[in-house]
Every structure is written in C-alpha cells, then in structure tokens.
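Inside the fold
Residues per chain, in single letters:
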Amino acid sequence: MRGMALAALVAAATTVTPALAAAQPTAGPGTIVRSEPLAESDLIPGAAHGYRVVYRTTGQNGEPQISGGSIFLPAGAAPPGGWKVVSWAHGTSGIAQGCAPNLTGGMADTFNERPELTHYLSQGYAVEATDYIGLGAPGFYSYLAGRADGHAVLDIVRAGHAVDPALSESYVLAGHSIGGHSALFAAHLSPTYAPELDLHGTVSYAPTSNVEQLIAALAQPGLPEVSVLDGFRTRLIMVLAGLDHTRPDLRLTDYLSPLGRHLVAIAQAEIDCKDSLEEAAAGQPIGEMFSRPLSDPAITAALIDYLAVPASDYHQPVLLLQGASDTLQPIPTTVALQQQLQQGGTDSRLQIYPSATHFTVLTQSAADTESFLATVLPTR
C-alpha cells in the first residue's frame, strides 16, 4: 500500500513523462518543464506561497536529466532585488520516485526537515528545495552521486528565478548529511556550471565525507563482522547501486556475491523508499556481499570520482557544523574534511557541538547559522 501511495503522490506532483522530458533537448539546465502554485495545504509553516516545479538539470556524467523540487516564499513584499535564496539539499530519504521529503511530509531518514526550512523563512529567505534526480520526477536516483546532486541543487536556483521574478539569483547553499555533501559539490561546481548565479556561501551540516576509503577497505570477501557506522550497510548498497548505474563499464556486479547482487538489485528496483532494502540487509555481514575486494585501483578511483568531496576551488566561505555525538557521520570524518578544505585554500570554518547528534546538530547550530547567513547574504 505504501508503494502505491507514493506512486500516486509523485504522479500527481509532477505529471511529467520521460517523453515530455525529452521533448526539448536544446533546453538548458534550470529550464522549467512544469510548475504550479502549491496549495495552502502543501505549504510549510512560515511560507506565504510557493511552487512545485519540475526542471531540467544535468546528471553525473553530463547527460540531460530532470528533477523535481519545491519553492517556498516568506510573507510580505519582496525586498529590492528579490527574495534572497537558501538552496536546500535534503538528507537520505530513500531511493524511489516519491521519496523526496518535499513529497513525504518533510521526512529525511528519521528527521523532519520542515522546521529547519521554516527557520530560514523566518529570517527572510526564500527556500528552494530540490528532490535530486529520480526522487521527485522520472529518472534514476544515484545515491551520493556528487555532481548529479550538486547540479540539481544549483539548477533549482535557476528554475526559481525563472518561475517567479520575486526570487533573487543571490543565494546560499545549505544541506544536511548527504545534503551537506550535495551542497559542497554545488559550491565547488558553481563557478563553472552556474557562473551567472550569485553564490555567497555554503552551510554544510554533518556532511557525508571521507567514506570512499572506508568502503574500499571494508568491501572485501571474508571480512569478519566489524562494528561500522550506523546504517552503513544500507548506505553502502545504495552507493554501489548508484555507481553501477552511472559506471556500467566497471562491471561492478562482478565483484559481488549472489547476496550482494541481490541487495543491489533491490536498491535498483526502487521498490519503496528503503524499507525493503533495510530489511533484506539487516544482519548481513559486509564480507558476505563480495566475491572480490573493491580495493581494485579502478574501483577505488571510480568511488573517489563518484562521491569524494572536492578539496579545493571554493570561491565563497564554507561553514561546517558537526555534532561530537554523531554516530552516522562521526566527527573524525568532518575534522579531516576541514583539514582538506583548508589545505586546498578554502575559506572554511568548522563548528563542533559536544552533545549534538547527527540530527540535533541542526537545532544546536541555529545561532551560528543565523550569524553566518546574516554576514554572507543579508536579507535586506
């Protein structure tokens, strides 16, 4: 029943087919495929009005794609130059069409993102929240595909300005978890991919980073059962499914055992958000998923290309926010990321919250986030 409900929801929200998506092959990224005002019941608290959009973007390998997204505007008259924008990148929400938080009541993993978006609205920013490719419109969602997700985060800013002139092209990027990863990719890509937009900075909450070497180290047959990051099995399988989709030349399934191929097939079938995959993967030793180690240099290089956060070429300030009690993306990975960014010449700052978890870091960092946004992109 849940799968049927999600299918109906995404169909109603997008009503776009692959044929329609291909109808204008010369249309550039950010071009609107479909837009409609959001009904009052679909607005988040603090939004006076908004839009549901389907827009053109670019996939991991540079191919034309489409994405869905939602746009929320504050109450009142827009300031001179239009509403400044927070382009929001959401956390893990699933792997099938209809699983974007915009379509499921704001839920990403076990966290409701809507209060965070409402907080941005209360500060006088419009919020443009992408679904990523494949979660809110037709297409395949490649989990943690950095360039694809970064493109979608940037192109909704283009789409927003096209759908409503009250939306500015001046913006900041923000995202949580895999969304923090997406926001960083977007910031890195922005000077060459979207140079006409006016990026002022990036806020990255508990970003997924420095996991590619962990994957290569643990993904090998016969590995004894080890304690790893919370939710690592499911996320590993989703990464493998996405990498296999974007790089079929690697023949990644040749490295998998029958169990591993079965789990990747579940992920690629997009049966539901991720419940079926989590159930199938529960208790399965990681070593039993592989017939050959992923430490093969070609696979390691592909993993780095697919998801490793770039260490340089950020032209605006970056704020990293990390909880010391995070067990999903633990503090050493973000400390290492901060060192990598600084070595790459990035104007970056890391703020650590001793009691914050992967999810409570958003609320505990509110004052620091407000200060950063007010500095890099004042609303008036």
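For the structure, see preceding data.
Right, let's walk through the structure included here.

**A word on the state of the cysteines**
One pass over the full model with this rule turns up one disulfide. The disulfide partner of Cys 99 is Cys 273, and the S-S distance across this bridge is 2.2 Å. Between Cys 99 and Cys 273 the disulfide shows an S-S torsion of about -100 degrees. By sign, it is left-handed. Taken together, the residues span a long stretch of sequence, with Cys 99 in the loop between β4 (83-89) and β5 (107-108) and Cys 273 in the loop between α8 (258-269) and α9 (275-281) at a distance of 174 residues. Judged by its relative accessible area of 3%, Cys 273 is buried.

**Remarks on unusual backbone geometry**
Unusually for a residue other than glycine, Arg 251 sits at a positive phi of about 50 degrees. We note that Glu 270 has phi near 55 degrees; this positive angle belongs to a residue other than glycine. Its location among the elements puts Glu 270 in the loop between α8 and α9.

**Here we look at the environment of Gly 69**
Note on placement: Gly 69 falls in strand β3 (residues 64-73). In this structure Gly 69 comes out as buried when scored by relative accessible area, which is 0%. Taking the C-alpha atoms as reference, Gly 69 lies 19 Å from Phe 111; in sequence the two are 42 residues apart. When near neighbours in sequence (up to four residues on either side) are disregarded, Gly 69 contacts Tyr 51, Arg 52, Val 53, Tyr 55, Asn 102, Ala 129, Thr 130, Asp 131 and Ile 156.

About the thresholds
Residues numbered from 1 in each chain as written. Predicted model: local features only at pLDDT ≥ 70, side-chain atom pairs only at ≥ 80, totals over all residues. Heavy atoms only, no water. Disulfide = S-S within 2.5 Å. Helix = DSSP H or I, 4+ residues; strand = E, 2+ residues; numbered from the N terminus. Buried < 20%, exposed > 50% of the residue type's maximum accessible area, 1.4 Å probe, protein only. Contact = heavy atoms within 4.5 Å.

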